[in-house]
Amino acid sequence: MIAERLNHVIQRIQKVDRSQKVKLIAVSKKKSIALIKEAINSGQKDFGENYLQEAVEKIKAIDDPSLTWHFIGPIQSNKTASIAKYFQWVHSVNRRKVLTRLNEQSKENQKILNVLIQVNIDHEDTKSGVMPEEIDDLVNYANKLSNISLKGFMCIPKPGNAEESFKKMKILLNSYPYLETLSMGMSNDLEIAIRNGSTMVRIGTDIFGAR
Ligand SMILES: *Cc1c(COP(=O)(O)O)cnc(C)c1O
């Protein structure tokens, strides 16, 4: 059942992904190890998780070094050690303190952590992420850290505003020619995201069902 849903999502991506460079992140938050294993058996390698404790339990239980785990949820700065230890990517970095800690803890784990800065692209009061005018400062800071590899940006658009938000994200990415990753697009807007330059889509519901 997961195999069929996964294939359907892959087909949707391929229909609009002419450059064939979009990576599918299967968002498995609140979903069981059994369902995640079904996706793994269908060939899925990249998984996204939001809640650290739940994620670490699953990552340890599944224990498959061929997988890539992406942390996509809000980050408490006192919880960064487990992120640095268990994840290969973090999409939701939004402040210096988190970057400082992730860098030190990645060093302790002798790894380079791939990082995206979460952008509050629509200036929403309620949403986490860096305001567009504060990005430059955080990018420059991240670039100085030896065990952080800054790859690009992530956003969650304002409901109903996806197309406009994604276009702004693409313009933002283009202003940093050495960055290449845009993590944007979820179950209900993945096509719009890819048409506007997404390179990573984060799909939960359409693979694993409603939460
Ligand atoms: C839950 C979540 C997703 C997946 O959303 P779906 O609508 O279920 O595809 C993607 N990104 C983030 C940051 C999420 O929290």
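Focus: the packing of aromatic side chains
Logical step 1: With the rule as written, the count across this model stands at four aromatic pairs.
Logical step 2: Centre to centre, the rings of Phe71 and Phe87 are 5.3 Å apart; their planes meet at 80°, and the pair counts as edge-to-face. Separated by 16 residues along the polypeptide, Phe71 in strand 3 (residues 68-71) and Phe87 in the loop between helix 4 (80-86) and strand 4 (89-93) bring together distant segments of the chain.
Logical step 3: Here Tyr176 and Tyr178 contribute two aromatic rings whose centre-to-centre distance is 6.3 Å and whose plane-to-plane angle is 80°, an arrangement assigned as edge-to-face.
Logical step 4: Owing to a relative accessible area of 48%, Tyr178 belongs among the partly exposed residues under this scheme.
Logical step 5: Aromatic ring contacts, followed pair by pair, group Phe153, Tyr176 and Tyr178 into a single cluster.

Concerning the side chain of Gln118
Logical step 1: Looking at the element boundaries, Gln118 is found in strand 5 (residues 113-118).
Logical step 2: You can call Gln118 buried: its relative accessible area is 4%.
Logical step 3: Among the polar contacts made by the side chain of Gln118, one reaches the main-chain carbonyl oxygen of Ser128 at a distance of 3.5 Å.
Logical step 4: Non-local contacts of Gln118, meaning those with residues more than four positions away in its chain, are made with His91, Ser92, Val93, Ser128, Gly129, Val130, Met154 and Ile156.

Parameters and conventions
Here the residue numbering is sequential within each chain, running from 1 through the sequence in written order. For this predicted model, a pLDDT threshold of at least 70 governs which residues receive local features, and a threshold of 80 or more governs which side-chain atom pairs are given and counted, while totals over whole chains, interfaces and linings are taken from all residues. Here the side-chain values reflect all heavy atoms present in the structure, with hydrogen atoms and water set aside. Each pair of aromatic rings taken from Phe, Tyr and Trp, with Trp reduced to its six-membered ring, is defined by centres within 6.5 Å and is described as stacked if the planes are under 30 degrees apart, edge-to-face if over 60, and tilted in the remaining cases. Under the DSSP-based scheme used, a helix requires at least four consecutive residues in state H or I and a strand at least two consecutive residues in state E, with every element numbered from the N terminus. Burial classes: relative accessible area under 20% of the type maximum marks a residue as buried, over 50% as exposed, and values in between as partly exposed (1.4 Å probe, protein chains only). Nitrogen and oxygen atoms within 3.5 Å of one another constitute a polar contact, given that in protein one can donate a hydrogen and the other can accept it, and given that sequence-neighbouring residues count only through two side-chain atoms. Every residue pair with non-hydrogen atoms within 4.5 Å of one another is taken to be in contact.

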